[in-house]
Every structure is written in structure tokens, then in C-alpha cells.
Amino acid sequence: MFSSAQSKSAARLLTALSVSAVLSAALTVSSCRTNSGGTDTFIPAPPDWSDAAAWYISVPEVPAADIFYILPTCVWDWTAEDGQSCRYSDYTRTDHIEAFLPSVELAEDIFAQGQYGFYCPYYRQISLNVWMDGEAAVEELFPLSMEDVSAAFDYYMDNYNEGRPFVLAGFSQGGKAVVELVKHLPAEAYERMVAAYAIGYRISDEEVEQYPQLHPATDSTGTGTIISYNSVASPEAACAVLSPSDFCINPVNWTTDAVPAALNDSVTVTVDTLSHLLIVDGLDPEACFLPSLAPMFPLGNYHLQELTLYQEHLRRNTALRLYHFEK
């Protein structure tokens, strides 16, 4: 059904998530402080964006453009040596970097393709437990994560970009960050933004009305647009904190209508124009199910496969949009 590269990529992501679920929760922490509310939680110190260890960076000799990639959620809550809990990742922890790398390497392969500069900041992402706690918990804690992403992007623009066009890309929590980043991009930066891939997250009509820089993609070539989709076997399998959305594009045929697209000989992908979800027919839901994440992603939800399912289409589309931007 899938190429060996797709199967290996999916396996790496699922393995990383499974391993992170059983990581030891009692490791020494030296970079945390109590939060301003005085509760028994820790907040890691802000990343130093001048520190190379705070980034994953891969740059060819003469990059024609850049990819600024924002990681999905890769870690669980963890416990400091004094017993207090932390709900954010910390790039100074080896186990967190190990949890990030499968997602980083997959995204680099899809979007950078050995041709473009690839910049991925290790921001303080909120944990999987926060997402499982629901939207109120996410909205309470995500602003600190977004502060990191915004600061990292500013540092990238000032120190790495050198005037090149760039693609924003993010998956899941990273998709949420992409949406927020586009909302507030300075005009000069937005003029160089080729496209923004906010994969596995939602965009509402209200957001588009309030933030004119949010232009949902409607085809395969438009530039300055934002690409968004969520994949399920049926609308009942949608994840409540990642959808519903008011926009969806099919990454196989790059249309927003209900015309089915063949992913391969046995799988079709169709936009449900009522729920604004991608309906994927022909996959085995059991093979794509991770029980440890069932509270968020029930059987029939394909969120964990949002990159691997369409990686060849995303790879070609990134290059296509860059081509049209540079024309």
C-alpha cells in the first residue's frame, strides 16, 4: 500500500510516541522555575536562540529558500527531582531531543528536500497531557509556547534568513503555531512568505475575517496562502481540540471540493464539504491507532499520519509553490 520510505517514516513517529509514553518521569532538572501563580509546577527557562543547541538547522551550500518548521507535540508531562510537575518540553533534556528528532527528520525530508535551508526551533511545547486535558488547558498554557516560537522566528529573520523567501510549516501543535505566526507577521516578512502549511490544525471563518493575512489555499500553486487539513475515516473520529475547521484542502488533488482523489490503488481521499474534514477511505483504522493517545485520537482518526500519508504530495507541492513564487 505504501512505499518503504512512507512505512519507515510512520514507524519512526509511532515508535517515538510510544517510547515517550514510558520515559522515566524523575530526571534531574536545573533550568526550571516555579510559575507566577505559585502552583506546584515548573516552567523551563526560555531557550537561548543564539545557542546552536536550541535549534535543528540543516543548510545546503547555496539555499534558494528556507523552511521554518514548528514541531508537533512530542513529550508528556514529566517530573522534576523534587517531585514537581512540568508541562512543557525542555531542549536541555536529552530525552526530549530524542523525542523531537523523528518528527524533525521527517519534516526535513518532506519540505527541505536537500535544496532549502531548514530551521526548526526547540521551543517549549506544551505536553500531550495538556492537549488531553482539553481546549481550556491548551489555551491557558500555549501562549508561553507561542512566545518562544515568535522569538525564534524573529531570531531566524534577523540572523539566518538573509532575505530569502521562506515556507512556514508545522504539524499539530506546530500547525497551531503556524496559524498564530501568520496572523502577526510583519508586512515585510509576509511578502517573502511563500506558503504556510498548518497541517493537522483548524482555521475558522472568524480568524480569516479578523486577520487578512490568513488566505486559505484553494489550489496547488497559490502563494501567500495557508494549507490546512485534518484526516479521518469518518467525521465521528474527529479530534475535538484540532477541529472543526471552516477550511480544508485535499493535499492529493489540491482542490477544496468533494471530488475524490486516489492516494494509491486502494486509498481515496475526499473533502467533506460539511465538516471540512478529509475523509480517507481504504486504510485499516486499527493499523493507524495508538491506544495511549485514544482520548484525543479515537479509532478512525488519522492525525498521526497527516504527514506520512501525503509526504510525496507535500514534497512536490512545496517545490511547486516556490517555483510560482519566484516566477
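Quantities reported herein were computed from a predicted structural model and do not represent experimental measurements.

A. Molecular detail of the sheet that holds strand β11 (residues 231–232). Taken in spatial order, the four strands make up an open sheet running β11-β14-β13-β12, and their pairing is mixed. Looking at which strands have only one partner, the edges of the open sheet turn out to be β11 and β12 (261–262). By the bridge criterion, two bridges tie β12 to strand β13 (residues 268–272) in an arrangement that is antiparallel. From the neighbouring strand, Ala261 faces β13, where its bridge partner is Val269.

B. Up close: the environment of Asp284. Within the secondary structure, Asp284 sits in the loop between β14 (277–281) and α8 (311–326). A residue is classified by how much of its surface remains accessible, and Asp284, at 43% relative accessible area, is partly exposed. Placed 16 residues apart in sequence, Asp284 and Gly300 show a C-alpha to C-alpha distance of 8.4 Å. Polar side-chain contacts of Asp284 include one of 3.1 Å to the backbone nitrogen of Glu286.

C. The arrangement of the environment of Asp133 in detail. Here Asp133 is to be found in helix α3 (residues 128–133). When the C-alpha positions of Asp133 and Pro295 are compared, they lie 9.4 Å apart, and in sequence the two are 162 residues distant. For Asp133, the side chain forms a polar contact with the side chain of Arg87, separated by 2.8 Å.

D. Seen up close, the nonpolar core. Residues Phe68, Tyr69, Phe111, Phe153, Leu168, Tyr197 and Tyr310 are the most contacted members of the largest nonpolar core, which totals 105 residues. In terms of residues, this core owes the most to one element, helix α4 (residues 135–159), which gives 11 residues. Leaving out residues up to four positions away in the same chain, Tyr310 has contacts with Tyr229, Ser231, Pro251, Val252, Leu263, Val269, Leu278 and Val280.

Basis of the calculations
- Residues numbered from 1 in each chain as written.
- Predicted model: local features only at pLDDT ≥ 70, side-chain atom pairs only at ≥ 80, totals over all residues.
- Heavy atoms only, no water.
- Pairing = 2+ DSSP bridges.
- Helix = DSSP H or I, 4+ residues; strand = E, 2+ residues; numbered from the N terminus.
- Buried < 20%, exposed > 50% of the residue type's maximum accessible area, 1.4 Å probe, protein only.
- Polar contact = N/O pair within 3.5 Å; in protein donor to acceptor, adjacent residues only side chain to side chain.
- Core = buried A, V, L, I, M, F, W, Y, C linked by side-chain atoms within 4.5 Å.
- Contact = heavy atoms within 4.5 Å.

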